[in-house]
Amino acid sequence: MKKIKVILTLLLTFSILLASCGVSSGDTIMEYNGEKLGERLYSFWAAKFKRNILNLYSDVEDKTDYWNSEYKSGITVAEFFDDLIESQIKNYLISQKLFKEYNLKLSDEIIQQIDDDITEKIEFSGSRTELNEELAEMGINIELLREAYIWQAKHDAVYNYIFGHGGPMEATSEQIQNYYESNYSLIDYIVVYKTKLVYDENGNLKYDSEGNVVTEEMTKAEAAEALMKADEAFMLADGGEDFTALMKEYSDYDLSELYSRGLFVSANELATYGYGIVSAVQSGKPGEVYRVEEEAAYYIIKERELTSFEKLNDEDLLQLSNLESYCIDELYSQYFSELAESVKTDDDKLKSFSIAVIKASPSSIY
């Protein structure tokens, strides 16, 4: 069964003023089998998570009305993100216990990398005092920042030990195959741009400093022509016309030769294809043709029958190069969700760190 998985990398906090000395992490907000997490570390991770969300999604608004709006039946946007924050921070807590149980150790190199990173932040801020003032807005200081980074490093060490090659929960071939069959779709698509591509004097596409293709707005006549082109392509495709031939004739960017065996799409490719395409594909079936309108283009998509796992060739596997990693991420999520059932939380304190009320971390603190 196909499902949308948006794996967000959750990192760090909120604004409670904190004196810049001492390493107390505050009152306990979570506990797992004797391992405790203080509210100041929680606030740091929650605020950093909020910053990541605001940076990642252009349509997210840091306004009370937005956070209180409905995400889905009975759940607000704030409640949805709060659950994600809480789940990830629980994983950090659980990892501290597992780190001890597996007798793991952080290498001197990792500790040095953490210290170097903090030194770099001090230099960027101007002094320890100035960095502490910035961190105080998130409820922590330099000592607690270092502690947070060590917690994260221990989490990563546990992840690599359990799910890495030779680990007790290393992904099997069967699990990787099941993940592929449950999460991926195979498509072809026609793209009709709603904006004009900009070319240089040599006829090459222009790119901006971030590597994005430079575009400019169409005239009303050009926009109407693009819409008519997309409508015609969809009508013909939906009527059973050969889709490969239609791609060559109608697509402003023809992928039929480069990806002759189709494009593999799952929620892991959200950043590549966008929510509109991914959600449409996840709910579609082989043979179906559907149309997705995005801000910059119209997409006419036809879903293929998913290539059987044993028939994937080198071209396919190049697209699916992260398949094993994605499968491991799911195993990790499932395993830690089970362990998280034993985590005790102070629900009243957690409400104080809701994404709707905390202050996002500065962009310089990552």
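Sequence order as written defines the numbering, with residues in each chain counted from 1. Residues qualify for local features only when their pLDDT is at least 70, as the model is predicted, and side-chain atom pairs are given and counted only at 80 or more; totals for whole chains, interfaces and linings, by contrast, use all residues. Working from all heavy atoms in the structure, the side-chain values ignore hydrogens and water.

Draft legend 1. Quick look at helix H13 (residues 323–340). Secondary structure elements follow DSSP: runs of H or I of four or more residues count as helices, runs of E of two or more count as strands, with numbering from the N terminus. Helix span, as expected, comes to 1.5 Å for every residue beyond the first. Spanning 18 residues, H13 covers 26 Å between terminal C-alpha atoms, matching the ideal 26 Å at 1.5 Å per step. Each residue is placed in one exposure class: buried if its accessible area under a 1.4 Å probe, protein chains only, is under 20% of its type's maximum, exposed if it is over 50%, and partly exposed if it falls in between. All buried positions along H13 are accounted for by Leu323, Tyr326, Cys327, Ile328, Glu330, Leu331, Tyr332, Tyr335, Phe336, Leu339 and Ala340.

Draft legend 2. The arrangement of the pattern of salt bridges in detail. By definition here, a salt bridge exists when the distance from a side-chain nitrogen of Lys or Arg to a carboxyl oxygen of Asp or Glu is within 4 Å. Counted by the stated rule, this structure contains 17 salt bridges. Linking glutamate 257 and lysine 248 is a salt bridge whose minimum nitrogen-to-oxygen distance equals 3.5 Å. By relative accessible area, glutamate 257 is classed as exposed at 66%. Among the charged side chains, a salt-bridge network with shared partners connects Lys196, Glu216 and Glu222.

Draft legend 3. Quick look at the nonpolar core. Met30, Leu37, Tyr42 and Trp45 are the most contacted members of the largest nonpolar core, which totals 71 residues. Breaking this core down by element, the ones donating at least two residues are strand E1 (28–32), helix H1 (39–56), helix H3 (77–101), helix H4 (108–125), helix H5 (128–136), helix H6 (142–163), helix H7 (173–183) and H13. Among the elements that take part in this core, H6 stands out by supplying eleven residues, more than any other. The set of buried Ala, Val, Leu, Ile, Met, Phe, Trp, Tyr and Cys residues whose side-chain atoms join them within 4.5 Å is what this entry labels a nonpolar core. Counting residues in hydrophobic clusters, the runner-up holds 18 residues, among them Val191, Leu263, Val292 and Ala297.

Draft legend 4. Region of the structure containing the pairing of strand E9 (residues 289–293). With five bridges joining them, E9 and strand E10 (residues 297–304) adopt antiparallel strand pairing. Within E10, the residue paired with tyrosine 290 across the bridge is isoleucine 301. Pairing between strands requires that DSSP locate at least two bridges from one strand to the other. Following E9, the chain reverses through three residues before pairing antiparallel with E10.

Draft legend 5. Representation of the sheet that holds strand E11 (residues 344–345). Spatial strand order, E2-E1-E11: three strands in an open sheet with antiparallel pairing. For this open sheet the edge positions go to strand E2 (35–38) and E11, each flanked by a neighbour on one side alone. Looking at chain direction, E1 and E11 are connected through two bridges and run antiparallel. Of the residues in E11, the one forming a bridge with methionine 30 is threonine 345. Here, two residues are considered to be in contact whenever any of their heavy atoms come within 4.5 Å of each other. Only the stretch in contact is used when a helix axis is fitted, and all axes are lines through C-alpha atoms; the angle between N-to-C directions ranges over 0 to 180 degrees. Relative to the sheet, H1 contacts E1 and E2, its axis offset from that of E2 by approximately 65°. The strands touched by H3 within the sheet are E1, E2 and E11, with E1 carrying the most contacts at an inclination of about 50°.

Draft legend 6. Inspection of the side chain of glutamine 96 at higher detail. By the element assignment, glutamine 96 lies in helix H3. What makes glutamine 96 buried here is its relative accessible area of 4%. If sequence neighbours within four positions are ignored, glutamine 96 has contacts with Glu35, Trp151, Lys154 and His155.

Draft legend 7. Representation of the environment of serine 185 within the structure. With respect to the helices and strands, the residue serine 185 is situated in strand E5 (residues 185–193). Residue class for serine 185 comes out buried when judged on its relative accessible area of 1%. When the C-alpha atoms of serine 185 and lysine 285 are compared, they prove to be 8.6 Å apart, with 100 residues separating the residues in sequence. Within the structure, serine 185 has its side chain in polar contact with the side chain of glutamate 303 (distance 3.4 Å). Whenever a nitrogen or oxygen atom comes within 3.5 Å of another N or O atom, the pair is scored as a polar contact, on the condition that within protein one atom can donate a hydrogen and the other can accept it, and that pairs from neighbouring residues in sequence are kept only if both atoms are in side chains.

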